[in-house]
Amino acid sequence: MHRITRRSASAILRHGGARYHRNAIVAPVFCATRSGDSQVVESDAKPRWYSVLSSGRCNIVKSSTELNLNKNGFFLGNRYESTATASDASAHPPPSAEKYEYQAEVSRLMDLIVNSLYSNKEVFLRELISNASDALDKLRFLGVTKPDLLKDAVDLDIRIQTDKDNGIITIIDTGIGMTRQELVDCLGTIAQSGTAKFLKALKDSKDAGGDNNLIGQFGVGFYSAFLVADRVVVSTKSPKSDKQYVWEGEANASSYTIREETDPEKLIPRGTHLTLYLKHDDKGFAHPERIQKLVKNYSQFVSFPIFTWQEKGYTKEVEVDEDPAEANKDNQDQNAEKKKKTKTVVEKYWDWELTNETQPIWLRNPKEVTTEEYNEFYKKTFNEYLDPLASSHFTTEGEVEFRSILYVPAIAPMGKDDLVNPKTKNIRLYVKRVFISDDFDGELFPRYLSFVKGVVDSNDLPLNVSREILQESRIVRIMRKRLVRKAFDMILGISLSENRADYEKFWENFGKYLKLGCLEDRENHKRLAPLLRFFSSQSEDEMISLDEYVENMKPEQKDIYYIATDSVASARNTPFLERLFEKDLEVLYLVDPIDELAVQNLKSYKEKNFVDISKEDLDLGDKNEEEQKVMKEEFGQTCDWIKKRLGDKVASVQISNRLKSSPCVLVSAKFGWSANMERLMKSQTVGDTSSLEFMKGRRVFEINPEHPIIKNLHASCKGNPNDNDALRTLDLLYDAALVSSGYTPENPAELGNKIYEMLGMAHQGKWSVPNANTQHPAAQLQTPQAYEAEVVEPVEVGQK
């Protein structure tokens with residue numbers, strides 16, 4: 001044991017914590033006072049140890065060192081309250097309140113780090129493998145200038161051996177190892193990172209390299225071993241020392257031990273053996289198959305080979321003892337040739353198996369990677385069976401540096417990973433080739449691009465101490481913008497492909513995602529709009545882009561016209577299109593429920609406004625103010641008469657400039673809901689009925705003054721405005737306009753009765769039923785009757 005130094009005490013979880021590796025293993029901090037010191041008097045000669053974080057006797061540096069555990073908010077700070085022991089206070093009562101530092105019990109601090117810092121137990125293997133990788137990296141770097149460190153011809157690798165019967169995991173690396181003093185400094189100080197010191201020394205050195213593969217950033221990675229282990233033993237040998245030392249500690253103990261290894265069978269030439277004695281509930285981690293799965297998930301691309309101890313087998317033929325009855329039968333037939341009977345058995349054995357790939361595909365030059373390799377990596381990483389539609393491999397440099405490969409899948413996700421699920425596992429985040437997480441809630445990709453799959457690897461992401469949570473920061477926002485931009489470039493490449501079917505396939509699977517982006521991401525409207533596809537009045541069988549629509553626009557056309565319905569057939573037959581068909585103006589058909597909202601959020605495209613032809617004040621560019629003024633004066637009284645009859649059903653009655661063959665139409669207010677939107681809102685299970693009543697109240701009844709029905713009603717208005725037939729015709733005309741305009745009648749049964757009544761009036765007497773007294777026509781033919789003939793004299797033309 002050793003007395004804690006000022007530097008060690010103030011290093012407690014500095015910088016938010018850091019990860020352990022060979023020179024960064026951390027454990028409880030202890031300050032001890034031997035029995036020979038003047039402060040302690042013991043009755044026996046045995047030394048006694050005191051914890052620096054639980055006793056007021058230790059020499060603690062009075063500084064306001066903050067301990068941020070991210071989740072628990074536990075910190076060390078200043079407090080104006082005495083925390084001395086009762087014996088000291090009674091022996092030397094202070095004249096006034098003294099200033100003391102907060103103190104933390106090491107066992108409690110260990111409990112917080114182990115149980116609160118990491119959200120998933122299985123990350124312990126990721127942390128310990130990263131520590132081993134750092135030890136190998138440091139040895140390789142130092143071996144360039146000091147070849148003596150590599151005098152022992154040992155391969156640079158990591159090996160993991162398990163004992164599932166006893167619940168033991170051993171992680172072996174041939175890295176730099178640790179001396180006794182390094183064990184004291186690193187494993188005896190909470191959150192001290194040997195890697196951080198090493199990187200700082202490299203930075204200060206003139207010979208520092210620009211690139212390194214060191215993974216450890218924090219000094220609490222070693223504590224992850226206690227997530228699953230009751231006892232941890234670290235046996236290490238540094239090439240700088242002739243002796244091998246063993247560090248041993250337990251999860252709930254307040255002390256640890258360091259001793260020299262004297263067993264000749266356990267001596268190693270160089271490196272570290274880390275042995276975990278698992279808890280009873282966590283012995284399942286000692287199964288070789290599970291260890292192999294964790295290595296492939298988290299440490300697949302560590303730059304050193306990782307071997308795991310696996311059970312293997314091979315087949316061989318062995319002889320089988322004959323049945324005595326069959327042997328007697330064979331002896332009777334001596335001429336028969338004897339054949340030895342054999343069977344196939346599987347001989348099992350244990351051996352080391354390479355588990356990882358040391359060179360990830362995203363670190364290679366894109367020019368050297370083939371399409372087949374990209375597709376194979378995609379299928380293997382994301383468990384897909386179809387090749388992706390497109391991929392993008394890029395490196396971003398500058399303020400934020402990272403490498404990434406993005407993919408567009410061939411089909412849309414099934415099941416729970418649908419459009420409304422913000423959390424997907426499609427983006428795998430790596431930091432220095434170590435897998436961190438694939439569980440994000442919109443930090444790296446917005447929800448509408450959640451179908452994009454890929455990997456992102458960065459060396460300087462703002463992670464918390466446990467390395468599992470990506471913090472919101474300016475760097476993350478910059479990464480998000482660049483990833484989204486690359487995703488749009490990749491999708492745009494599909495749309496510009498010579499094979500039009502590629503983008504048709506993409507749009508069929510992911511078109512709704514991009515429409516959702518029009519609602520959620522205003523900043524990228526310019527990137528989203530060219531990717532949208534719609535049917536139109538001039539292209540009902542094949543979707544067109546907005547660029548194609550703009551190219552086909554008439555020279556005098558100022559706006560982009562659209563109509564929102566539930567199908568192409570209903571859009572084709574709507575009365576709103578009559579005048580536009582006559583003028584040969586193209587109209588977009590918005591047949592998807594989200595289409596109308598998407599277009600309304602876009603507002604315009606290439607300085608062309610989107611105009612709903614079912615809204616009032618439609619301008620087709622052919623307004624004749626004088627003619628409209630004359631028409632309004634002539635039909636003004638008729639419009640008032642119709643408005644009086646319809647009452648609150650409509651906001652106003654106007655002369656229409658969009659009708660050609662229909663007598664009337666019911667249009668929406670300029671800022672109200674369209675018929676399609678009203679239908680969608682009614683179908684919502686939790687819709688707001690109050691807003692529905694407000695928005696649908698603004699309807700405008702437009703009439704076609706050139707239609708015979710309107711002309712007859714106009715004449716009736718002037719001649720006999722109280723005529724019942726005319727008033728009933730107005731009611732039926734309004735109901736018919738509701739249906740033809742896409743609205744739902746409030747009382748369908750009443751509308752049906754009106755139609756039946758009108759049919760009865762129109763066809764009254766045309767198909768009368770014969771009564772019982774009337775003879776059958778055949779019988780009438782059988783009784784000849786005499787008829788009187790009338791003689792007509794011929795006359796000249798012009799005579800009476």
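The structure we're discussing is the one just above.
Residues numbered from 1 in each chain as written. Predicted model: local features only at pLDDT ≥ 70, side-chain atom pairs only at ≥ 80, totals over all residues. Heavy atoms only, no water.

Visitor: Help me understand the overall build of the protein in this model?
Guide: Along its length, the protein carries 23 helices and 24 strands. In the protein, which comprises 800 residues, the share counted as buried stands at 46%. Considering only contacts in the protein between residues 6 or more positions apart, those separated by 24 or more positions represent 74%. Of the roughly 43900 Å² of accessible surface on the protein, 48% is carried by carbon and sulfur atoms. (Helix = DSSP H or I, 4+ residues; strand = E, 2+ residues; numbered from the N terminus. Buried < 20%, exposed > 50% of the residue type's maximum accessible area, 1.4 Å probe, protein only. Contact = heavy atoms within 4.5 Å. Areas by Shrake-Rupley, 256 points an atom, 1.4 Å probe, with all protein chains shown as cover.)

Visitor: Looking at this structure, how should I read the nonpolar core?
Guide: Taken as a class, soluble globular proteins show a tendency for nonpolar side chains to be buried jointly. Ranked by internal contacts, the top residues of the largest apolar core, which has 75 residues, are Leu 449, Leu 514 and Leu 588. With nine residues, the single largest contributor to this core is helix H10 (residues 474-495). Grouped together as the second largest cluster of nonpolar side chains are 57 residues, Val 184, Val 234, Leu 274 and Tyr 298 included. (Core = buried A, V, L, I, M, F, W, Y, C linked by side-chain atoms within 4.5 Å.)

Visitor: Explain the environment of Arg 140 here, please?
Guide: Relative to the assigned elements, Arg 140 resides in helix H4 (residues 123-145). For the pair Arg 140 and Leu 150, spaced 10 residues apart in the sequence, the C-alpha separation amounts to 8.3 Å. Of note is the side chain of Arg 140, whose polar atom sits 2.7 Å from the side chain of Asp 137. (Polar contact = N/O pair within 3.5 Å; in protein donor to acceptor, adjacent residues only side chain to side chain.)

Visitor: Any chance you could explain the packing of helix H17 (residues 625-646) against helix H21 (residues 724-740) here in plain terms?
Guide: Each pair of packed helices gets described by two things: the angle between the helix axes and the distance between those axes. Their axes nearest at 10 Å, the elements H17 and H21 cross at an angle of 75°. One finds that H17 runs roughly perpendicular with respect to H21. Contacts between H17 and H21 pair Trp 641, Ile 642, Arg 645 and Leu 646 from the former with Ala 726, Leu 727, Leu 730, Asp 731 and Tyr 734 from the latter. Classifying every residue of the contact of H17 with H21 by side-chain character gives seven nonpolar, no polar and two charged. (Axes fitted to C-alpha atoms, helices over the stretch in contact; angles between N-to-C directions. Parallel < 35°, antiparallel > 145°, perpendicular 65-115°, else oblique. Nonpolar A, V, L, I, M, F, W, Y, C, P; charged D, E, K, R; others polar.)

Visitor: Sorry, what's going on with the packing of aromatic side chains here?
Guide: One pair of aromatic rings is described through two measures. These are the centre distance and the angle between the planes. Counted according to the given criterion, the structure contains 24 aromatic pairs. Aromatic side chains Phe 301 and Tyr 430 sit 5.7 Å apart centroid to centroid with 65° between the ring planes, which places their arrangement in the edge-to-face category. In this pair, Phe 301 sits in the loop between helix H7 (288-298) and strand S9 (306-319) while Tyr 430 sits in strand S13 (residues 427-431), placing the two residues 129 residues apart along the sequence. The two residues Phe 301 and Tyr 430 agree in class, both being buried. Ring centres of Phe 506 and Phe 510 lie 5.5 Å apart, and the angle between their planes is 45°; on these two criteria the pair is classed as tilted. Of this pair, Phe 506 and Phe 510 both sit in helix H11 (residues 500-520), four residues apart, which is roughly one turn of the helix. Here Phe 506 matches Phe 510 in class, with each residue buried. Within the aromatic cluster, the residues linked to one another by ring pairs are Tyr 298, Phe 301, Trp 362, Phe 377, Tyr 430 and Phe 435. If you follow Arg 159 out to its NZ or CZ, it ends over the ring of Phe 307, 4.4 Å from the centre. It is Arg 699 that lies over the ring of Tyr 743; its NZ or CZ is 4.4 Å from the centre. (Phe/Tyr/Trp six-rings, centres within 6.5 Å; stacked < 30°, edge-to-face > 60°. Lys NZ or Arg CZ within 6 Å of the ring centre and 35° of its normal.)

Visitor: When you look at the sheet that holds strand S11 (residues 390-396) in this model, what are you seeing that I'm missing?
Guide: Backbone-to-backbone hydrogen bonds pair the strands of a sheet. The strands run either parallel or antiparallel. Strand order in the open sheet formed by five strands is S11-S12-S15-S13-S14, with mixed pairing between adjacent strands. Two strands in the sheet have a free side with no partner beyond their single neighbour: S11 and strand S14 (434-437). Going from strand to strand, the sheet's axes swing by 20° on average, the running direction of each strand aside. Across six bridges, strand S12 (residues 402-408) lies against strand S15 (residues 453-458) in antiparallel orientation. If you follow Tyr 407 over to S15, its bridge partner there is Lys 453. (Pairing = 2+ DSSP bridges.)

Visitor: Can you walk me through unusual backbone geometry in this structure?
Guide: Where the residue is not glycine, phi is negative for most of them; where a peptide bond is considered, it is trans in most cases. For Asp 584, which is not a glycine, the phi torsion comes out positive at approximately 60°. With respect to the helices and strands, Asp 584 occurs in the loop between helix H15 (578-582) and strand S19 (587-590). Judged by relative accessible area, Asp 584 falls into the partly exposed class, the value being 40%. Backbone geometry at Glu 607 places phi at a positive 65°, although glycine is not the residue there.

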